[in-house]
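Secondary and tertiary structure notes
Residue-level listing of the chains:
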Amino acid sequence: LADSKLLLIGTMSIDVAKRTGIMEDDIDEWLEKTEAVRQTINGIANGTLDPKNASLKEYGILTIEEEAEEEERKQRAKEEIDRRQRENDAAEKIKEREKWWEGALMMYGPKDNVGLKPSSINNMDEITLHPKDGMRKQQSDINKYSSDYSRWSRKKYIPDDPATVEDIRTFEKNDEDLKNKKFEAANKKWCDKFKDDMEMRSSSQEKKYRSAHRKKMKGNQCFKKKNFPTALMYYTDALNDTPYASNILCNIALCHGKLNDQHESLEYFDRAYHTDKNCIKAIYHRSKIFMNQGKIKEANEDLKNAVCIDPKNKEVAALYRTISRCVTDHEQEDVVKKVMLKRQKKSHSRR
């Protein structure tokens, strides 16, 4: 009979849970809180409990003071979590920056290429140091007028006429092809595996390019709607697939600029310029950041570079004319300051 009663109670509890969505444990918890409140009220009423010491905090029932303390505690905990998150974000940003530049310097060479013609960056062998007036000399011109006849020795002489150079390239290519065929015939199994691996890598890279393009297009849509945080998120995801794409780097830089983070904006324009020395977008916008920072000479150098790359770009040309006048005025101010400083020193020495 007792078992039957328990079974009936259990069945009724299940029915209540189905009909109301309230579980038996919830009912028990509510009854426990109700009993605690009743005992507290009775204790205060019969004088056995001091109202100042009455607390139902363990049951989730707080006084005004306890609510204020709990809110303050939560605020402090939130601030601590935010602080740790900022520290972690800063550390991750430093790691990402170091890793990116490590790869970029390996792939694209040293960061400091100031003064080189953008169109000639990849032809480093032909470029030598040049004076500040912008004159550039090629090594072949120096050798042409050199009086060092040792360059005609058999070891040092390298023909530079187009026909001979082309013949040498053809000979070297044919010789390399012949060596490759012999190597493949002797190591067929290894070469087949290597080719399969290369095809797999190429397919994987193609997928990454397509993924990056889709994310970039989503970022462009958000940017047009002026939803810059979301656009930045899409561009950053795209960059994970193609870390050295100058167009995506520029878009990230523009987002940071719209979000008033000039430091990060300059960082990503630097990256874009490093991966593509002909990137007008990066050079132009970087020069504007330099202008905002009061770095007139740096802005002038960037715009001079941009004009060399694209002389027909009216926007770049107009800004270059403006900044050139600023540079001239700035230099004149420096001269006046130096003259005034010398005069002051002379007048002090006479006294």
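Higher on the page you've got the structure.
Residues numbered from 1 in each chain as written. Predicted model: local features only at pLDDT ≥ 70, side-chain atom pairs only at ≥ 80, totals over all residues. Heavy atoms only, no water.

Moving on, we come to the overall build of the chain. What the chain contains, in helices and strands, is 12 helices and 0 strands. Traced from its N-terminal end to its C-terminal end, the chain shows the element sequence α-α-α-α-α-α-α-α-α-α-α-α. In the chain, buried positions account for 21% of the 351 residues. Across the chain, contacts joining residues at least 24 apart in sequence account for 44% of those joining residues at least 6 apart. (Helix = DSSP H or I, 4+ residues; strand = E, 2+ residues; numbered from the N terminus. Buried < 20%, exposed > 50% of the residue type's maximum accessible area, 1.4 Å probe, protein only. Contact = heavy atoms within 4.5 Å.)

Enumeration according to the criterion identifies 16 salt bridges in this entry. Of the charged contacts, one joins R271 and E267 as a salt bridge, the two residues approaching to 2.8 Å between their closest N and O atoms. One end of the pair, R271, and the other, E267, are both in helix α9 (residues 262–275), 4 residues apart, so they sit about a helical turn from each other. Judged by its relative accessible area of 1%, R271 falls in the buried class. Under the relative-accessibility criterion, E267 is labelled buried at 11%. Its salt-bridge partner being R286, residue D270 comes within 2.7 Å of it at the nearest N-O pair. Taken as a pair, D270 in helix α9 and R286 in helix α10 (residues 280–292) lie far apart in primary sequence, 16 residues in all. Its relative accessible area of 11% is what places R286 among the buried residues. Shared partners join several salt bridges into a network, and the residues in it are E96, R97, E264, E267 and R271. (Salt bridge = Lys/Arg side-chain N within 4 Å of Asp/Glu carboxyl O.)

Let us now look at helix α11 (residues 296–309). Taking 1.5 Å of rise per residue, the 14 residues of α11 would be expected to cover 20 Å, and the 20 Å separating its terminal C-alpha atoms lies within 8% of that figure. Of the positions making up α11, those classed as buried are I296, A299, N300, D302, L303, N305 and A306. (Expected span 1.5 Å × (residues − 1).)

By size, the foremost hydrophobic cluster in this structure holds 37 residues, and its most contacted members are I248, I252 and A282. Elements represented by at least two residues in this core include exactly α3 (64–108), α6 (188–224), α7 (228–241), α8 (246–258), α9, α10, α11 and α12 (314–350). If we skip the residues at most four places from it in the chain, A282 touches C250, F269, A272 and Y273. (Core = buried A, V, L, I, M, F, W, Y, C linked by side-chain atoms within 4.5 Å.)

Attention now moves to the side chain of T242. One can find T242 in the loop between α7 and α8. Sequence-distant contacts of T242, that is, excluding residues within four places in its chain, are made with Y209, A212 and I248.

Here the focus is the packing of aromatic side chains. What the rule picks out here adds up to 4 aromatic pairs. Ring centres 5.3 Å apart and planes at 45 degrees place the aromatic pair W100 and Y244 in the tilted group. In this pair, W100 sits in helix α3 while Y244 sits in the loop between α7 and α8, placing the two residues 144 residues apart along the sequence. In this structure an aromatic cluster arises from ring pairing among W100, W101, Y108 and Y244. Over the ring of Y273 we find K277, and its NZ or CZ is 5.3 Å from the ring centre. The ring of Y273 has R286 lying over it, and the distance from NZ or CZ to the ring centre is 4.7 Å. (Phe/Tyr/Trp six-rings, centres within 6.5 Å; stacked < 30°, edge-to-face > 60°. Lys NZ or Arg CZ within 6 Å of the ring centre and 35° of its normal.)

Our next topic: a nonpolar patch on the surface. Residues F183, W190, F194 and M198 make up a contiguous nonpolar surface patch of roughly 450 Å² in combined accessible area. Of all the elements, α6 adds the most residues to the nonpolar patch, at 3 residues. Note that W190 resides in helix α6. Residue class for W190 comes out exposed when judged on its relative accessible area of 52%. (Patch = residues over 30% accessible without salt bridge, like charges linked within 9 Å, V, L, I, M, F, W, Y side chains within 5 Å. Areas by Shrake-Rupley, 256 points an atom, 1.4 Å probe, with all protein chains shown as cover.)

What follows covers the environment of T275. Summarising the element assignment, T275 is placed in helix α9. For the pair T275 and L105, spaced 170 residues apart in sequence, the C-alpha separation works out to 9.2 Å. Residue contacts for T275: discarding those within four places in its chain leaves W100, Y108, Y244, S246 and L249. Here A272 takes part through its backbone oxygen, which lies 3.0 Å from a polar atom of the side chain of T275. (Polar contact = N/O pair within 3.5 Å; in protein donor to acceptor, adjacent residues only side chain to side chain.)

Take α9 next. An ideal rise of 1.5 Å per residue puts 20 Å on 14 residues; α9 measures up with 20 Å between its terminal C-alpha atoms. With 12 of its 14 residues buried, α9 lies for the most part within the structure. Buried within α9 are the following residues: E264, S265, L266, E267, Y268, F269, D270, R271, A272, Y273, H274 and T275.

Don't take any of this as a statement about function, it's just geometry.
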